[in-house]
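# A structural walkthrough
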Amino acid sequence: MILVGFDPGISGAACAIKIGDMGGISFIDLIDLPSCPDGTKRQLHVEPLGNWLEKINPDSAIIENVQPMMGSGPKGDGNGQSQAMRGANSFRFGMACGALRATLAAYRIPIDLVTPTTWKRASGLLKGSDKEASRQLAIRRLPAAAHLLKRRLDHNRSESVLIALYGAQKG
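Residues numbered from 1 in each chain as written. Predicted model: local features only at pLDDT ≥ 70, side-chain atom pairs only at ≥ 80, totals over all residues. Heavy atoms only, no water.

## Examining the side chain of Arg-157
Using the following cut-off: Strands are runs of DSSP state E lasting at least 2 residues, helices are runs of H or I lasting at least 4, and numbering of each runs from the N terminus. In this scheme, a residue with accessible area under 20% of its type's maximum is buried, one over 50% is exposed, and one in between is partly exposed, where area comes from a 1.4 Å probe on protein chains only. Should any heavy atoms of two residues lie within 4.5 Å, those residues are considered in contact.
Along the polypeptide, Arg-157 turns up in helix H5 (residues 155-170). Judged by its relative accessible area of 16%, Arg-157 is buried. In this view, Arg-157 contacts Ala-13, Leu-30, Asp-32, Leu-148, Leu-149 and Arg-151; residues no more than four positions away in its chain are not counted.

## What about the pattern of salt bridges?
Pairing between side chains of opposite charge can happen when the charged atoms of each approach one another. Definition in use: Any Lys or Arg side-chain nitrogen found within 4 Å of a carboxyl oxygen on Asp or Glu counts as a salt bridge.
What the rule picks out here adds up to 8 salt bridges. A salt bridge links Arg-135 to Glu-132; the shortest N-O distance between them is 2.8 Å. On the criterion of helical spacing, the pair formed by Arg-135 and Glu-132 is a turn pair, its members being 3 residues apart in helix H4 (residues 131-141). This pair shows no difference in class: Arg-135 is buried, exactly as Glu-132 is. In this structure, Asp-154 and Arg-157 form a salt bridge, with 3.6 Å as the shortest nitrogen-oxygen distance. Just as Asp-154 is buried, Arg-157 falls in that class too. A network of salt bridges, in which partner residues are shared, links Asp-32, Arg-151, Asp-154 and Arg-157.

## Re unusual backbone geometry
Positive phi, close to 55 degrees, is recorded for Asn-57, a residue that is not glycine. With respect to the secondary-structure elements, Asn-57 resides in the loop between helix H1 (46-56) and strand S4 (60-64). Looking at Asn-57, the relative accessible area reads 55%, which means it is exposed. One non-glycine residue with positive phi stands out, namely Arg-108, at about 55 degrees. Mapped onto the secondary structure, Arg-108 falls in the loop between helix H2 (83-106) and strand S5 (111-114).

## Thoughts on the sheet that holds S5
Applied cut-off: What makes two strands pair is DSSP finding at least two bridges between them. Axis definition: a line fit to C-alpha positions, over the contact stretch in the case of helices; interaxial angles, taken between N-to-C directions, run 0 to 180 degrees.
Pairing is mixed across the open sheet formed by 5 strands, whose spatial order is S3-S2-S1-S4-S5. Sheet topology places strand S3 (25-32) and S5 at the edges, where each strand pairs with a single neighbour. The mean inter-strand angle of the sheet, taken between neighbouring strand axes irrespective of direction, is 20 degrees.

## Observations regarding the nonpolar core
We apply this condition: Definition used in this section: a nonpolar core is a set of buried Ala, Val, Leu, Ile, Met, Phe, Trp, Tyr and Cys residues joined via side-chain atoms within 4.5 Å.
Cys-15, Ile-17, Trp-119, Leu-142 and Val-161 are the most contacted members of the largest nonpolar core, which totals 21 residues. The element contributing the most residues to this core is H5, with 7 residues.

## Focus: the confidence of the model for the protein chain
Caution applies to low-pLDDT parts of the model: their predicted coordinates are not meant to be read in detail. Operational definition: As a per-residue quantity, pLDDT reports the predictor's confidence and falls between 0 and 100.
Scored by pLDDT, the protein chain comes out at a mean of 88, with 88% of its residues at no less than 70. Ranking the elements of the protein chain by mean pLDDT puts H2 last, at 84, and strand S2 (residues 13-19) first, at 98.

## Some words on the side chain of Asp-29
Defined as follows: Between N or O atoms, a polar contact is any pair within 3.5 Å; within protein, one atom must be a potential hydrogen donor and the other a potential acceptor, and residues adjacent in sequence are included only when both atoms are from side chains.
Tracing the backbone through its elements, the reader meets Asp-29 in strand S3. A polar side-chain atom of Asp-29 sits 2.8 Å from a polar atom in the side chain of Trp-52. Reaching out from Asp-29, the side chain makes a polar contact with the side chain of Lys-55 at a distance of 3.4 Å. Once you skip the residues sitting within four places of it in the chain, Asp-29 turns out to touch Ala-14, Cys-15, Ala-16, Trp-52, Lys-55 and Ile-56.

## What to know about the packing of H4 against H5
Defined as follows: Angles below 35 degrees are treated as roughly parallel, those above 145 as roughly antiparallel, those between 65 and 115 as roughly perpendicular, and all remaining angles as oblique. Note on convention: near helix rotated counterclockwise from far helix by under a right angle means a left-handed crossing. Clockwise means right-handed. Put simply, Ala, Val, Leu, Ile, Met, Phe, Trp, Tyr, Cys and Pro go in the nonpolar bin, Asp, Glu, Lys and Arg in the charged bin, and everything else, Gly too, in the polar bin.
Two numbers describe how H4 lies on H5: the axes approach to 8 Å, and their chain directions differ by 55 degrees. In this view, H4 runs oblique relative to H5, as classed from their interaxial angle. Crossing hand, H4 versus H5: left-handed. For the pair H4 and H5, the contacting residues are Lys-131, Ser-134, Arg-135, Leu-137, Ala-138 and Arg-141 in the first and His-155, Ser-158, Glu-159, Val-161, Leu-162, Leu-165 and Gln-169 in the second. Residue composition of the contact of H4 with H5, by class: 5 nonpolar, 4 polar and 4 charged.

Okay, structure coming up:
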């Protein structure tokens, strides 16, 4: 069985693994989710994602089920983002998540959703763990993918690895 784990969003990633008959896991591929070629990273580019799915031919997918976050108030979020900027970013993120789900549905790939709290707890990540902890754990748990997880910026990739492994563990 081939399973793909998705850390959704415009800067998200996908990890494909094969689950053997005896429960062994083999690494297949790991990609950053493609964004449209205009360079703005404002939209998920569905065509190359579909090409990748055709190449991988997954039996199922597991996607992190993200929820909207509330800001700290109308003037900003405490990190220098205005409400309008947060709204635009949230809209782009939601569009990317919707495009991802629609693409998987178009390819008739069954989808399972998992909350961040659930997969992180099952992976053994402590509450409040940073992105680096996710990256280090993904390298330990799927060493065949370590060459694609070298940079601190690879945290979205590492989370897609951990989501895929959660899906494999869940069965």
